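Observations on the model geometry
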Amino acid sequence: MLLLSLITLLVLLFGVLFTMRGTLLQTAITGNTLQRQKNVQASDLVLRKVQQVIINTVQGAGNLPLEVAASGKPWFYVPSAATTAWTVPGSSAAVTYWANCQGNKTCDTITDMDSSVTGYDALVTVVPTNLPVDSYGCQTSGYVASYYDIFIHTTEANGSTGASTETVFKLCTPG
């Protein structure tokens, strides 16, 4: 009888351990998913600040195209046709890109772009798209629309989860 009780307790112990392992794993996965959703929401907030920085940069330079107005700014990057093909930050090589972009001067932090933004670890890269300038894309006569890709990579403070987002931004400047 004692042996049967010990075997029963051992089986119950293994059952509890198996259940706890699954519960802890599920809790960790749920926590990472929740944090990733928060990172995407933070990227949406950062996007609005980046758009305002772009508009302020263009207006501060006398409504010149962004290629001229943002020349030399680390967050604005024009991939060179003379080098190898540019790896888009949303591709499979994104982790390598975001890890090295500040050293390569192809991205900047949101806090460097706009000091009023605090609490987010976000890297930003703005690049021209391959879309042609659109003379009918703006409602104001004499203005043309230029299109830019805004890539944002937001991570939580400990860096265990992150989210990368991409948005196409239309900028109207005098033609």
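All of the points below concern the structure found in this document. Not measured: the values here are computed from a predicted model.

1. Focus on the sheet that holds strand S3 (residues 143-155)
One open sheet accounts for 4 strands, arranged S1-S2-S3-S4; its pairing is antiparallel. Only two strands of the sheet have a single partner each, and these edge strands are strand S1 (108-109) and strand S4 (162-174). Pairing between S1 and strand S2 (residues 121-128): 2 bridges, direction antiparallel. Counted as the bridge partner of aspartate 108 is valine 124 from S2.

2. Observations regarding the nonpolar core
Ranked by internal contacts, the top residues of the largest apolar core, which has 21 residues, are Val50, Ile54, Leu66, Trp75, Val124, Val126 and Ile150. Secondary-structure elements contributing two or more residues to this core are helix H1 (2-60), helix H2 (66-69), helix H4 (110-113), S2, S3 and S4. At 6 residues, the largest contribution of residues to this core is made by H1. Among residues more than four places away in sequence, those in contact with isoleucine 150 are Leu47, Val50, Gln51, Ile54, Val124, Thr125, Val126, Thr165, Glu166, Thr167 and Phe169.

3. A word on a nonpolar patch on the surface
Nonpolar side chains collect at one region of the surface, where Leu10, Leu13, Phe14 and Leu17 lie side by side and expose about 390 Å² of accessible area between them. Within the fold, phenylalanine 14 resides in helix H1. Overall, the relative accessible area of 52% leaves phenylalanine 14 in the exposed class.

4. Focus: the side chain of threonine 154
Note on placement: threonine 154 falls in strand S3. Polar side-chain contacts of threonine 154 include one of 2.6 Å to the side chain of serine 43. Contact partners of threonine 154, with chain neighbours within four places excluded, come to Asn39, Ala42, Ser43, Asp121, Ala122, Thr161, Gly162 and Ala163.

5. Some thoughts on the state of the cysteines
Tallied over the entire structure, the rule returns 2 disulfides. Through a disulfide, cysteine 101 is tied to cysteine 107; the S-S separation comes to 1.9 Å. With the S-S bond torsion at 65 degrees, the cross-link from cysteine 101 to cysteine 107 turns out right-handed. Exposure remark for cysteine 101: the relative accessible area of 0% places this residue in the buried category. Residue cysteine 107 is classed as buried on the basis of its relative accessible area of 2%. The disulfide partner of cysteine 138 is cysteine 172, and the gap between their sulfur atoms is 1.9 Å. The sign of the -100 degrees torsion about the S-S bond sets the cysteine 138-cysteine 172 disulfide as left-handed. Remark: cysteine 172 occurs in strand S4 and cysteine 138 occurs in the loop between S2 and S3; sequence separation between them is 34 residues. Taken in sequence order, the bonded cysteines of the protein link in the pattern 1-2, 3-4.

How each quantity is defined
- Residues numbered from 1 in each chain as written.
- Predicted model: local features only at pLDDT ≥ 70, side-chain atom pairs only at ≥ 80, totals over all residues.
- Heavy atoms only, no water.
- Pairing = 2+ DSSP bridges.
- Helix = DSSP H or I, 4+ residues; strand = E, 2+ residues; numbered from the N terminus.
- Core = buried A, V, L, I, M, F, W, Y, C linked by side-chain atoms within 4.5 Å.
- Buried < 20%, exposed > 50% of the residue type's maximum accessible area, 1.4 Å probe, protein only.
- Contact = heavy atoms within 4.5 Å.
- Patch = residues over 30% accessible without salt bridge, like charges linked within 9 Å, V, L, I, M, F, W, Y side chains within 5 Å.
- Areas by Shrake-Rupley, 256 points an atom, 1.4 Å probe, with all protein chains shown as cover.
- Salt bridge = Lys/Arg side-chain N within 4 Å of Asp/Glu carboxyl O.
- Polar contact = N/O pair within 3.5 Å; in protein donor to acceptor, adjacent residues only side chain to side chain.
- Disulfide = S-S within 2.5 Å.

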